[in-house]
Amino acid sequence: MLRYNMLTRLTIGAILLAATPLAWSHPHSFIDMQATLVHKDNQLTGLKMHWVMDEITSADLLYDAGEAKPGSVVWKKLAAQVMANVLGQHYFSEFWHEGKAVKFDNLPPEYSLSREGHKAVLDFILPLGEPRPLAGQRYTFSTFDPSYFVDMYYDSEKSLHIPPELAKQCQFSLHTPKPNASMQAYALSLDKADAPPEDMDLGQQFAQTVTLTCQ
């Protein structure tokens, strides 16, 4: 049995499953991400995520939405189904503080699905299980599909946002790994029907790491 992948998990009936790109190597789909720090009372409470899916991945999803207006029942139902699958995979994210994993809340306080041209966009708050201090702290997080069927990426540090009131106190930095030639060749060799071994964590080899540092 093939290991799960992002497209399978986001499938709503046949949505997205039939929208795989024609490329024959991993990854097959792309999600351009942005993240904004969410805080309250000088404590970190989560991240506001903005995921833009590539046009081919978005095609069937947008077709299903049809001409429905933003915020309509159609969009809300699609958003709930997509979000439920993202939740089932722990937001496809890992969050760390002082070498220990930070838990997320099971339900996002807000989420929505919308259209940007020919692309589907998922917006949601990734909530921490409990507020965390900001002053003098350092956090790291990554968002990735373990199978690397989908490349989830930040274009640059400009995709990471600090609210103006914290701009002097906190900053984000982005590290993009450079897997060796053999790892890249292996990923390119995978057919769209292939899945890497579970213990390989192929997606993690290509996953960006974001560091949040606050004074």
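These numbers come from a predicted model, not from an experiment. (Residues numbered from 1 in each chain as written. Predicted model: local features only at pLDDT ≥ 70, side-chain atom pairs only at ≥ 80, totals over all residues. Heavy atoms only, no water.)

J.: Please provide a residue-by-residue account of the overall build of the protein chain, values included.
T.: Assigned secondary structure in the protein chain consists of five helices and eleven strands. For the protein chain, the proportion of its 215 residues judged to be buried stands at 47%. Put simply, 73% of the contacts in the protein chain that link residues at least 6 apart link residues at least 24 apart. Taken as a whole, the protein chain presents about 11,300 Å² of accessible surface, with 53% of it coming from carbon and sulfur. (Helix = DSSP H or I, 4+ residues; strand = E, 2+ residues; numbered from the N terminus. Buried < 20%, exposed > 50% of the residue type's maximum accessible area, 1.4 Å probe, protein only. Contact = heavy atoms within 4.5 Å. Areas by Shrake-Rupley, 256 points an atom, 1.4 Å probe, with all protein chains shown as cover.)

J.: Please give an account of the side chain of Ser 159 that cites residues and values.
T.: For Ser 159, the position within the fold is in the loop between strand 8 (150-153) and strand 9 (160-161). Residues within four places of Ser 159 in sequence aside, it is in contact with Met 33, Gln 34, Ala 35 and Tyr 154.

J.: Residue-level account of helix 2 (residues 55-65), with values.
T.: Every buried residue of helix 2 is listed here: Thr 57, Ser 58, Leu 61, Leu 62 and Ala 65. Each buried residue of helix 2 sits inside an arc of 110° when the element is viewed along its axis, so together they form one side. With a side-chain oxygen lying 3.1 Å from the backbone nitrogen of Ile 56, the N-terminal cap of helix 2 falls on Asp 54. Count one or two residues on from helix 2 and you reach Gly 66, which has phi positive near 60°. (Arc of directions from axis to C-beta. Polar contact = N/O pair within 3.5 Å; in protein donor to acceptor, adjacent residues only side chain to side chain.)

J.: Account for the state of the cysteines, naming residues and giving values.
T.: In total, this model carries one disulfide according to the counting rule given. In this model Cys 170 forms its disulfide with Cys 214; the gap between the sulfur atoms is 2.0 Å. Judged by the sign of its S-S torsion, about 110°, the cystine formed by Cys 170 and Cys 214 is right-handed. You can see Cys 170 sitting in strand 10 (residues 170-175) and its partner Cys 214 sitting in strand 11 (residues 209-214), a full 44 residues away along the chain. In this pair, the class of Cys 170 matches that of Cys 214, namely buried. (Disulfide = S-S within 2.5 Å.)

J.: Give me helix 3 (residues 73-88): which residues, what numbers.
T.: Under the 1.5 Å per step criterion, the end-to-end length of helix 3 is 23 Å for 16 residues, consistent within 8% with the ideal 22 Å. Trp 75, Leu 78, Ala 79, Val 82, Met 83 and Val 86 are the residues of helix 3 that are buried. Along helix 3, the residues classed as buried sweep out an arc of 130° about the axis, all on the same side. Opposite the packed face of helix 3, turned more than 90 degrees from it, sit the exposed residues Val 73, Lys 76, Lys 77 and Gly 88. In this fold, the buried residues of helix 3 make contact with strand 2 (43-53), helix 2, strand 5 (111-116) and strand 6 (119-133). Just downstream of helix 3 lies His 90, where phi reads positive at about 55°. (Expected span 1.5 Å × (residues − 1).)

J.: Can you break down the packing of helix 2 against helix 3 residue by residue, with the values?
T.: In contact at an axis separation of 9 Å, helix 2 and helix 3 are set at 140° when each is read in the N-to-C sense. When the axes of helix 2 and helix 3 are compared, the pair comes out oblique. Within the contact between the two elements, helix 2 uses Leu 61, Leu 62, Asp 64 and Ala 65 and helix 3 uses Val 74, Trp 75 and Leu 78. Partitioning the contact of helix 2 with helix 3 into residue classes produces six nonpolar, no polar and one charged. (Axes fitted to C-alpha atoms, helices over the stretch in contact; angles between N-to-C directions. Parallel < 35°, antiparallel > 145°, perpendicular 65-115°, else oblique. Nonpolar A, V, L, I, M, F, W, Y, C, P; charged D, E, K, R; others polar.)

J.: So what about unusual backbone geometry? Which residues, and what values?
T.: If you check the backbone angles, Tyr 91 has positive phi at about 65° while not being a glycine. Here Tyr 91 lies in the loop between helix 3 and strand 3 (93-97). Overall, Tyr 91 belongs to the buried group, its relative accessible area being 2%. With a phi close to 55°, Glu 98 is a non-glycine residue in the positive phi region. For Glu 98, a relative accessible area of 65% corresponds to the exposed category.

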